[in-house]
Amino acid sequence: MRRVAAAFAGVCGAVLLAGSGGARAAETCFHVCLKQRMTSSDIADSAIRDAMAACRDDCDEEAEARLAQSGLAGKIASCEPAPLSEEEFRKIRSASLSVIGFANAFTWEVNNVLPDKIIRRVELMTQSLGLQDVTMAASGVVAPGERGAFFVNNVADGYPAVRLTSRVKAIYACPAK
(Lines give C-alpha, C1' and ligand atoms only; values in the text may rest on other atoms or scores of the structure.)
Protein backbone atom coordinates (compact mmCIF):
# COMPACT_ATOMS: atom_id res chain seq x y z
CA MET A 1 0.00 0.00 0.00
CA ARG A 2 2.88 2.37 0.64
CA ARG A 3 3.84 1.96 -3.01
CA VAL A 4 0.32 3.00 -4.00
CA ALA A 5 0.56 6.19 -1.94
CA ALA A 6 4.04 6.90 -3.30
CA ALA A 7 2.87 6.28 -6.86
CA PHE A 8 -0.12 8.56 -6.34
CA ALA A 9 2.12 11.30 -4.98
CA GLY A 10 4.32 10.86 -8.04
CA VAL A 11 1.34 11.10 -10.39
CA CYS A 12 0.13 14.26 -8.65
CA GLY A 13 3.61 15.73 -8.79
CA ALA A 14 3.92 14.94 -12.49
CA VAL A 15 0.57 16.56 -13.16
CA LEU A 16 1.55 19.65 -11.24
CA LEU A 17 4.89 20.03 -12.95
CA ALA A 18 3.61 19.23 -16.44
CA GLY A 19 1.57 22.41 -16.70
CA SER A 20 3.09 25.60 -18.00
CA GLY A 21 2.42 27.25 -14.64
CA GLY A 22 3.43 24.49 -12.22
CA ALA A 23 2.96 26.67 -9.15
CA ARG A 24 -0.43 27.86 -10.41
CA ALA A 25 -1.57 24.28 -11.08
CA ALA A 26 -0.56 23.28 -7.56
CA GLU A 27 -3.03 25.82 -6.20
CA THR A 28 -6.17 24.36 -7.80
CA CYS A 29 -8.91 23.58 -5.31
CA PHE A 30 -8.94 19.88 -6.24
CA HIS A 31 -5.21 19.35 -5.69
CA VAL A 32 -5.06 21.37 -2.47
CA CYS A 33 -8.01 19.38 -1.09
CA LEU A 34 -6.60 16.03 -2.21
CA LYS A 35 -3.20 16.79 -0.71
CA GLN A 36 -4.84 17.56 2.64
CA ARG A 37 -6.79 14.28 2.59
CA MET A 38 -3.90 12.07 1.42
CA THR A 39 -1.86 12.07 4.61
CA SER A 40 -1.51 8.35 5.26
CA SER A 41 1.38 6.38 3.81
CA ASP A 42 -0.84 3.28 3.72
CA ILE A 43 -3.97 3.98 1.68
CA ALA A 44 -6.20 1.79 -0.48
CA ASP A 45 -7.39 2.66 -3.99
CA SER A 46 -10.97 2.91 -2.72
CA ALA A 47 -9.91 5.51 -0.13
CA ILE A 48 -8.12 7.49 -2.84
CA ARG A 49 -11.27 7.45 -5.00
CA ASP A 50 -13.40 8.48 -2.01
CA ALA A 51 -11.05 11.40 -1.34
CA MET A 52 -11.14 12.41 -5.02
CA ALA A 53 -14.96 12.35 -5.02
CA ALA A 54 -15.17 14.37 -1.80
CA CYS A 55 -12.71 16.96 -3.13
CA ARG A 56 -14.58 17.24 -6.42
CA ASP A 57 -17.84 17.80 -4.49
CA ASP A 58 -16.28 20.39 -2.16
CA CYS A 59 -14.67 22.29 -5.02
CA ASP A 60 -17.88 22.26 -7.08
CA GLU A 61 -19.76 23.71 -4.09
CA GLU A 62 -17.17 26.49 -3.84
CA ALA A 63 -17.45 27.20 -7.59
CA GLU A 64 -21.26 27.29 -7.41
CA ALA A 65 -21.07 29.70 -4.45
CA ARG A 66 -18.83 32.03 -6.49
CA LEU A 67 -21.34 31.89 -9.37
CA ALA A 68 -24.18 32.69 -6.96
CA GLN A 69 -22.25 35.72 -5.69
CA SER A 70 -21.85 36.93 -9.27
CA GLY A 71 -25.59 36.51 -9.93
CA LEU A 72 -25.28 33.55 -12.32
CA ALA A 73 -26.72 30.76 -10.14
CA GLY A 74 -30.23 31.01 -11.60
CA LYS A 75 -28.93 31.02 -15.15
CA ILE A 76 -26.86 27.90 -14.53
CA ALA A 77 -29.72 26.08 -12.80
CA SER A 78 -31.97 26.58 -15.83
CA CYS A 79 -29.34 25.87 -18.50
CA GLU A 80 -29.06 22.64 -20.44
CA PRO A 81 -25.33 22.41 -21.28
CA ALA A 82 -24.58 22.40 -25.01
CA PRO A 83 -21.52 20.95 -26.76
CA LEU A 84 -18.71 23.38 -27.48
CA SER A 85 -17.80 24.17 -31.05
CA GLU A 86 -14.71 22.48 -32.48
CA GLU A 87 -12.73 25.71 -32.08
CA GLU A 88 -13.80 26.16 -28.43
CA PHE A 89 -13.08 22.48 -27.73
CA ARG A 90 -9.55 22.87 -29.07
CA LYS A 91 -8.94 26.00 -26.98
CA ILE A 92 -9.92 24.18 -23.79
CA ARG A 93 -7.91 21.05 -24.66
CA SER A 94 -4.78 23.02 -25.48
CA ALA A 95 -5.05 25.06 -22.26
CA SER A 96 -5.61 22.03 -20.02
CA LEU A 97 -3.43 19.16 -18.88
CA SER A 98 -4.09 15.60 -20.05
CA VAL A 99 -6.58 13.25 -18.44
CA ILE A 100 -4.99 11.30 -15.59
CA GLY A 101 -5.92 7.68 -14.93
CA PHE A 102 -5.05 6.44 -11.45
CA ALA A 103 -6.63 4.17 -8.81
CA ASN A 104 -9.38 3.10 -11.24
CA ALA A 105 -10.49 6.70 -11.72
CA PHE A 106 -9.97 9.49 -14.23
CA THR A 107 -9.45 13.12 -13.33
CA TRP A 108 -9.15 15.99 -15.72
CA GLU A 109 -8.08 19.46 -14.60
CA VAL A 110 -9.76 21.89 -16.97
CA ASN A 111 -8.51 25.42 -17.54
CA ASN A 112 -11.52 27.38 -18.82
CA VAL A 113 -10.07 29.98 -21.17
CA LEU A 114 -13.44 30.78 -22.74
CA PRO A 115 -14.64 34.19 -21.50
CA ASP A 116 -18.33 33.53 -22.13
CA LYS A 117 -18.87 29.86 -21.15
CA ILE A 118 -19.26 27.94 -17.90
CA ILE A 119 -18.11 24.36 -18.40
CA ARG A 120 -20.61 21.93 -16.90
CA ARG A 121 -19.86 18.46 -18.28
CA VAL A 122 -17.19 16.49 -20.11
CA GLU A 123 -17.32 13.16 -21.86
CA LEU A 124 -14.30 10.87 -21.80
CA MET A 125 -13.87 7.96 -24.16
CA THR A 126 -11.90 4.84 -23.35
CA GLN A 127 -12.06 1.16 -24.23
CA SER A 128 -13.47 -1.86 -22.46
CA LEU A 129 -11.56 -5.10 -22.04
CA GLY A 130 -13.32 -6.27 -25.23
CA LEU A 131 -11.79 -3.20 -26.99
CA GLN A 132 -15.21 -1.59 -27.41
CA ASP A 133 -15.43 2.18 -27.09
CA VAL A 134 -16.98 3.32 -23.81
CA THR A 135 -18.07 6.91 -23.12
CA MET A 136 -18.19 8.21 -19.55
CA ALA A 137 -19.51 11.59 -18.45
CA ALA A 138 -18.52 13.78 -15.52
CA SER A 139 -20.25 16.94 -14.37
CA GLY A 140 -18.83 19.96 -12.62
CA VAL A 141 -18.67 23.75 -12.63
CA VAL A 142 -15.77 25.69 -14.15
CA ALA A 143 -16.42 29.40 -14.65
CA PRO A 144 -14.54 31.54 -17.19
CA GLY A 145 -10.94 32.12 -16.15
CA GLU A 146 -11.03 29.35 -13.54
CA ARG A 147 -9.61 25.84 -13.28
CA GLY A 148 -11.62 22.90 -12.06
CA ALA A 149 -11.54 19.11 -11.91
CA PHE A 150 -13.81 16.57 -13.52
CA PHE A 151 -13.78 13.14 -11.91
CA VAL A 152 -14.93 9.74 -13.22
CA ASN A 153 -14.97 7.01 -10.59
CA ASN A 154 -14.65 3.22 -10.86
CA VAL A 155 -13.10 3.01 -14.31
CA ALA A 156 -12.26 -0.57 -15.21
CA ASP A 157 -8.49 -0.73 -15.41
CA GLY A 158 -8.16 -4.25 -16.73
CA TYR A 159 -5.23 -3.66 -19.03
CA PRO A 160 -2.35 -1.15 -19.00
CA ALA A 161 -3.26 0.62 -22.24
CA VAL A 162 -6.60 1.87 -20.86
CA ARG A 163 -4.85 5.09 -19.84
CA LEU A 164 -3.39 5.48 -23.32
CA THR A 165 -6.69 4.92 -25.14
CA SER A 166 -8.58 7.46 -23.03
CA ARG A 167 -9.37 10.87 -24.46
CA VAL A 168 -11.75 13.78 -24.09
CA LYS A 169 -14.65 13.25 -26.47
CA ALA A 170 -16.82 16.31 -25.81
CA ILE A 171 -17.11 19.34 -23.53
CA TYR A 172 -20.46 20.88 -22.64
CA ALA A 173 -21.05 24.41 -21.36
CA CYS A 174 -23.64 27.03 -20.53
CA PRO A 175 -23.45 30.70 -21.50
CA ALA A 176 -21.95 32.92 -18.82
CA LYS A 177 -23.65 36.08 -20.06
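Structure: see above.
Residues numbered from 1 in each chain as written. Predicted model: local features only at pLDDT ≥ 70, side-chain atom pairs only at ≥ 80, totals over all residues. Heavy atoms only, no water.

A. Summary view of the state of the cysteines. What the rule picks out here adds up to three disulfides. Here Cys 29 pairs with Cys 59 through a disulfide, and the sulfurs are 2.1 Å apart. Looking down the S-S bond of the Cys 29 and Cys 59 bridge, the torsion is -90°, so its handedness is left-handed. Pair noted here: Cys 29 is in helix α3 (residues 29-37) and Cys 59 is in helix α4 (residues 45-69), with a separation of 30 residues, a long-range link. (Disulfide = S-S within 2.5 Å. Helix = DSSP H or I, 4+ residues; strand = E, 2+ residues; numbered from the N terminus.)

B. Representation of the packing of aromatic side chains. Under the criterion given, the structure shown has zero aromatic pairs. Across from the ring centre of Tyr 172, 4.0 Å away, lies the NZ or CZ of Arg 121, which sits over that ring. (Phe/Tyr/Trp six-rings, centres within 6.5 Å; stacked < 30°, edge-to-face > 60°. Lys NZ or Arg CZ within 6 Å of the ring centre and 35° of its normal.)

C. The arrangement of the pattern of salt bridges in detail. Under the definition given, this model contains six salt bridges. Arg 66 is paired through a salt bridge with Glu 146; the nearest N and O atoms lie 2.8 Å apart. One end of the pair, Arg 66, is in helix α4; the other, Glu 146, is in the loop between β5 (133-142) and β6 (147-152), and 80 residues separate them in sequence. Looking at Arg 66, the relative accessible area reads 37%, which means it is partly exposed. A salt bridge links Glu 86 to Arg 90, with the nearest nitrogen and oxygen atoms 3.5 Å apart. Taken together, the residues span about one helical turn, with Glu 86 and Arg 90 both in helix α6 (residues 86-95) at a distance of four residues. (Salt bridge = Lys/Arg side-chain N within 4 Å of Asp/Glu carboxyl O. Buried < 20%, exposed > 50% of the residue type's maximum accessible area, 1.4 Å probe, protein only.)

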